[in-house]
Amino acid sequence: MKHSLKPLSLALALGLTASLSAHAATSSSVAVAPQYDTSHVYVAPTDVDAFVKSFLATFGGKSTPQVVVNVLPVPSSTTSQLLQTPVGTVSLFGFTTPVPYPFGAERNGYLVKDLNVALAEAKKHGADVIVHDFPDPIGRDAVVQWPGGVNMQLYWHTKTPDYAPFQTVPENRVYLSEQRAEAFIKGFVGFSHGKVVADEKRLDGAVVGEPGKAIRRVKLESDFGKMVVFVTDGHLPYPYGRETTGYEVSDLAATVAKAESSGARLVVEPKAEPGRQSAIVEFPGGYVAEIHQPIAAK
């Protein structure tokens, strides 16, 4: 991997790393583990069964029993179930009532050790609490918004869940403007006690459907899991920017074939990218997901 950091920017990056390390020494992470990061998927009730069948046929795994419940702080009703696969977990909702604002816009849910501490840490690192904490049938929830308009749910369970670790950790895929990227990265790294593992300043925009343009791609890792931040001009062809999660598999061709044969639609053909082969599919109900297979550097 090539870096284009100038000496001054490298010094600043090292300074940021040192300051974050010092912070980590004085406070503990609120994260639990990557397998408790769930992608939130909202589909019409009529698409729930088709989505479940296709998603599990593609990635394997199982679903918890479907329940009908109010998971929000205001009156509402939805089917709810957890799809647990070796490469990622989905919290699936099929609302039979209109979805109250701002729900439906949160990309994922992160389990935290202490919700009060997590919310205080999020605010300290630049997030807004856009839905104050509230009880749900199995714990407490809140929704925060990071610079750039990135919404996430933070949740805590009354009874600590016990999920098997993923075979491969999925990546949250975040698209941001140049104006808000630094604030988001600094804030989320501080909150998550994570680190920047790669910062590609001038990557070929073909990875997000903009060949010939240079974009920035920043890879983060923490106890919450993986995250990839794309900094672009926003001239993104469909479906880029709609795929909030990338799933790592060992055989991309076989996985795409399973997706297509189970009702998903291939919207970006498999293509080579730095370090991976990647494709994008749309599952029944409209959920868009990136799927990738790592490839060794030559």
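Nothing here was measured: the structure is a model prediction, and the numbers come from that model.

### Notes on the packing of aromatic side chains
- Within this structure, the stated rule accounts for 25 aromatic pairs.
- Here F93 and F95 contribute two aromatic rings whose centre-to-centre distance is 6.3 Å and whose plane-to-plane angle is 45 degrees, an arrangement assigned as tilted. The same class applies to F93 as to F95, namely buried.
- Here W146 and F188 contribute two aromatic rings whose centre-to-centre distance is 5.8 Å and whose plane-to-plane angle is 80 degrees, an arrangement assigned as edge-to-face. In this pair, W146 sits in strand β8 (residues 139-146) while F188 sits in helix α4 (residues 178-192), placing the two residues 42 residues apart along the sequence. A single burial state applies to W146 and to F188, both of which are buried.
- Of the aromatic side chains, those joined through ring pairs into one cluster are F51, F55, F59, Y247, F283 and Y287.

### A word on helix α5 (residues 252-261)
- Of all the residues in α5, the buried ones are L252, T255, V256 and A259. Projected down its long axis, α5 shows its buried positions confined to an angular sector of 100 degrees, all on one face. α5 presents A253 and S261 as exposed residues on the side facing more than 90 degrees away from its buried surface.
- Residues of α5 that are buried sit in contact with α2 (48-59), β15 (265-273), β16 (276-282) and β17 (288-294).
- Within two residues after α5, G263 carries a phi angle of roughly 110 degrees, on the positive side.

### Focus on the packing of α2 against α5
- One way to put it is that α2 packs onto α5 with a least axis distance of 8 Å and a crossing angle of 160 degrees. Accordingly, the angle class assigned to the pair α2 and α5 is roughly antiparallel. Of the two elements, α2 crosses α5, and the hand of that crossing is right-handed. Packed against α2, whose contacting residues are S54, A57, T58 and F59, the element α5 presents T255, K258 and A259 at the interface.
- Residue composition of the contact of α2 with α5, grouped by class: three nonpolar, three polar and one charged.

Reading guide: rules and limits
- Residues numbered from 1 in each chain as written.
- Predicted model: local features only at pLDDT ≥ 70, side-chain atom pairs only at ≥ 80, totals over all residues.
- Heavy atoms only, no water.
- Phe/Tyr/Trp six-rings, centres within 6.5 Å; stacked < 30°, edge-to-face > 60°.
- Buried < 20%, exposed > 50% of the residue type's maximum accessible area, 1.4 Å probe, protein only.
- Helix = DSSP H or I, 4+ residues; strand = E, 2+ residues; numbered from the N terminus.
- Arc of directions from axis to C-beta.
- Contact = heavy atoms within 4.5 Å.
- Axes fitted to C-alpha atoms, helices over the stretch in contact; angles between N-to-C directions.
- Parallel < 35°, antiparallel > 145°, perpendicular 65-115°, else oblique.
- Left-handed = near helix turned anticlockwise from the far one by under 90°.
- Nonpolar A, V, L, I, M, F, W, Y, C, P; charged D, E, K, R; others polar.

Scope: geometric values only; no functional claims are made or implied.
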